[in-house]
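Results of the structural survey
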Amino acid sequence: MIIHQDYPLQSLNTFGVQQYAKQFGIVQSLENIHQALVLDPNPFIIGGGSNILLTKNPDGLVLKNELKGKSILTEMDETIIVRLMSGENWHECVQWAVSHGWGGIENLSLIPGTVGAAPMQNIGAYGAEIKDVLIEVAAMDLQEEKEVIFSNRGCKFGYRDSIFKNPEYRGKYFITSIVLELSKHPVANAKYADIEKKLTEKNITHPTIEDIHHAVIEVRQYKLPDPAIIGNAGSFFKNPIISIEQFEKLKSIKHDAIHYPVDATHVKVPAGWLIDQAGWKGKTIGRVGCFERQALVIVNRGSATGEEIWKFAELVKNDVFEKFDIHIEPEINIW
Ligand code: EPU
């Protein structure tokens, strides 16, 4: 593995922030991981760079994950079990599944990033989450230098959360591959309002997974900025989960407050809606702004630094707290 010094990371993160890695290498095999650990036992791992904000130069070794491969493990009457290597592009894997008629991840079309990042934050969109189809995750334990398997349960999935985001586990594993169970006779999931609306617009009454795939792509392309054109990392904040009492308080300020049920005592409120209501949608300060079609997305409008983006995010967060007494927390990883 070639190790580069003071390597520029601007093209490796979708915010397009310029920072430099003291040392940098590309991982294309498990052997490369062992080689890297000799140089630095705690490397930073970068996948598609679509869920990180670099606020400073990473101190040690940065590894770009390029472990590639997609394979069929078992085929049964109803389902097919596939293994995806973690350095594969997520959307290309969705296209691969849809083109074979295998259902389960079509609602997760066009999510930027790599396969390895998908279980880390339990990616989700339009009524689906990766945890619904995931069998297991294989990861290299960076201390023991051996591969371990996490079952679906062992991943402790939550809303945009997994064991890999837990401070105790963070940075301890290099996810190497994931195993998914996809359906050979899929039933399309078109329950999410935006998708339903798009299908109606297209006069589709009995959608196939391919229809869902295209509808999701169109909705995302309209609502979310393309990182190749304008730097961003998708949703910057998680949708906060609050108590029913807190929601009642919110409703006394905003009668039309939106919420999704979570359990008997909690609801989830869209952070994008809160930010929008606080007046931030489309607003720009210096080189950073809130996207005009989805306030949850913070965009780099010029060559903003990671620190400028973080400062802007804090202004938004504090303002939402002041106005609605609700804490919103970043969904993305801050380096
Ligand atoms: N809303 C506003 N103003 C805004 C943004 C949203 O009023 O500026 C309202 C919408 O009208 C809607 C509600 O808030 O009633 C929810 O908005 P939306 O359906 O766009 O979804 P979201 O909750 O903002 C989540 C995910 C997205 C995912 C969509 C669709 C999180 C943090 N974000 O966004 O994920 O694509 O649902 O399923 O859960 C990502 O993680 O990067 C991401 C884009």
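Definitions and limits used
Within each chain, residue numbers correspond to sequence positions counted from 1 in written order. Where totals are concerned, whole chains, interfaces and linings use all residues; where local detail is concerned, this predicted model gives features only for residues with pLDDT of at least 70, and gives and counts side-chain atom pairs only at 80 or more. The basis for every side-chain value is the complete set of heavy atoms in the structure, and neither hydrogens nor water enter the calculation. Each helix corresponds to a stretch of at least 4 residues labelled H or I by DSSP, and each strand to a stretch of at least 2 residues labelled E; elements are numbered beginning at the N terminus. Each radius of gyration is computed over the set of C-alpha atoms, and the globule rule expresses the reference value as 2.2 Å times the number of residues to the power 0.38. A simple rule labels every residue: compare its accessible area, found with a 1.4 Å probe on the protein chains alone, to the largest value its type can have, and call it buried under 20%, exposed over 50%, or partly exposed in between. Here, two residues are considered to be in contact whenever any of their heavy atoms come within 4.5 Å of each other. The protein chains shown are the only cover counted for residues, whose accessible areas, like all others here, come from Shrake-Rupley with a 1.4 Å probe. We score Asp and Glu as negative and Lys and Arg as positive, and we do not count His or the chain ends. Just so you know, the charge point we use is NZ for Lys, CZ for Arg, CG for Asp and CD for Glu. Nearness is defined per residue: one heavy atom within 4 Å of the molecule or strand is enough. In protein, a polar contact means a hydrogen-donor-capable atom and an acceptor-capable atom, both N or O and within 3.5 Å, with residues adjacent in sequence counting only if both atoms are side-chain atoms; elsewhere, any N or O pair within 3.5 Å suffices. Only strands joined by at least two bridges in the DSSP assignment are considered to pair. Axis definition: a line fitted to C-alpha atoms, over the contacting stretch in the case of helices. Angles run 0 to 180 degrees between N-to-C directions. Note on terminology: angles under 35 degrees are roughly parallel, angles over 145 are roughly antiparallel, angles of 65 to 115 are roughly perpendicular, and the others are oblique. The nonpolar class holds Ala, Val, Leu, Ile, Met, Phe, Trp, Tyr, Cys and Pro. Asp, Glu, Lys and Arg form the charged class, and all remaining residues, Gly among them, are polar. Exposure above 30% relative accessible area and the lack of any salt bridge qualify a residue for a patch; like charges then connect within 9 Å, and the nonpolar side chains Val, Leu, Ile, Met, Phe, Trp and Tyr within 5 Å. By definition, a salt bridge exists where a carboxyl oxygen of Asp or Glu is found within 4 Å of a side-chain nitrogen of Lys or Arg. Whether two aromatic rings pair depends on their centres lying within 6.5 Å, for rings of Phe, Tyr and Trp, where Trp uses its six-membered ring; planes under 30 degrees apart make the pair stacked, over 60 edge-to-face, and the rest tilted. Think of it as a cone above the ring: NZ of Lys or CZ of Arg counts as a charge over the ring if it is within 6 Å of the ring centre and within 35 degrees of the ring normal. As used in this record, nonpolar core signifies buried Ala, Val, Leu, Ile, Met, Phe, Trp, Tyr and Cys residues forming a set joined through side-chain atoms within 4.5 Å.

What to know about the overall build of the protein
A tally of helices and strands in the protein yields eight helices and 20 strands. Computed over its C-alpha atoms, the radius of gyration of the protein comes to 20 Å, within 12% of the 20 Å expected for a compact globule of 335 residues. The principal-axis extent of the C-alpha atoms belonging to the protein is close to 60 × 50 × 35 Å. Of all 335 residues assigned to the protein, the portion counted as buried reaches 48%. Pairs at least 24 apart in sequence give 61% of the contacts found in the protein among residues at least 6 apart. If you sum the accessible surface of the protein, you get close to 15,900 Å²; carbon and sulfur atoms cover 50% of it. The distance from the centre of the 34 positive side-chain charges to the centre of the 42 negative ones in the protein is 5 Å.

Re the site of the ligand
Taken together, 23 residues surround the ligand, and among them Y126, Y159, R160, Y192 and D276 come closest. Within the contact set of the ligand, an oxygen atom lies 3.4 Å away from a side-chain nitrogen or oxygen of R220. Between the ligand and the protein, one listed contact pairs an oxygen atom with a side-chain N or O atom of Q294 at 3.1 Å. Isolated, the ligand exposes 820 Å² of accessible area, and the fraction of that covered by the protein chains is 83%. Put simply, the parts of the chain that give the shell around the ligand at least two residues each are α5 (209–223), β13 (231–235) and α7 (271–277). Take the shell around the ligand: its biggest share by element is three residues, from α7.

A few points about the sheet that holds strand β18 (residues 288–290)
Read across the open sheet, the four strands follow the order β13-β19-β18-β17; overall the sheet is antiparallel. Looking along the sheet, the strands with just one partner apiece sit at the ends: β13 and β17 (284–285). The sheet contact formed by β13 and strand β19 (residues 297–300) spans three bridges and is antiparallel. Residue pairing across strands places S235 opposite V297, the latter belonging to β19.

Quick notes on the packing of helix α4 (residues 193–201) against α5
Where α4 contacts α5, the two axes come as close as 9 Å, and the packing angle between them is 110 degrees. Between α4 and α5, the crossing angle belongs to the class labelled roughly perpendicular. For the pair formed by α4 and α5, the contact residues are D194, I195, K198 and L199 on the first element and D211, I212, A215, V216, E218, V219 and K223 on the second. When its residues are assigned to classes, the contact of α4 with α5 shows six nonpolar, no polar and five charged.

Section: a nonpolar patch on the surface
Judged by side-chain polarity, Y192, I258 and Y260 come together as a nonpolar surface patch covering roughly 260 Å² of accessible area. Looking at the element boundaries, I258 is found in the loop between α6 (244–253) and β15 (260–261).

Focus on the side chain of N32
Take N32: it is sitting in helix α1 (residues 30–39). With residues near it in sequence (within four places) discarded, N32 still touches M1, I26 and V27.

Digging into the packing of aromatic side chains
Under the counting rule described, the total for this entry stands at twelve aromatic pairs. Ring centres of F150 and F164 lie 4.9 Å apart, and the angle between their planes is 75 degrees; this geometry places the pair in the edge-to-face category. Separated by 14 residues along the polypeptide, F150 in strand β11 (residues 146–151) and F164 in the loop between β11 and β12 (173–183) bring together distant segments of the chain. Per residue, the accessibility class of F150 equals that of F164, and both read buried. Grouping aromatic residues by their ring pairs yields a cluster made of F15, F236, F237 and W310. The ring of Y159 has K268 lying over it, and the distance from NZ or CZ to the ring centre is 3.6 Å. Looking at R293, its charged tip hangs above the ring of Y222, at a distance of 4.3 Å from the centre.

Some thoughts on the nonpolar core
Counting residues in each nonpolar core, the largest one holds 42 residues, and the members touching the most others are F236, F237, L250, L274, I275 and I309. Broken down by secondary-structure element, the contributors of at least two residues to this core are β2 (20–27), β4 (52–53), α6, α7, β18 and α8 (306–324). Leave out the neighbours within four places in its chain, and L274 touches P240, L250, V269, V320, F324, I326 and I328. V98, A118, A125 and I130 belong to the second largest nonpolar core, which has 41 residues in total.

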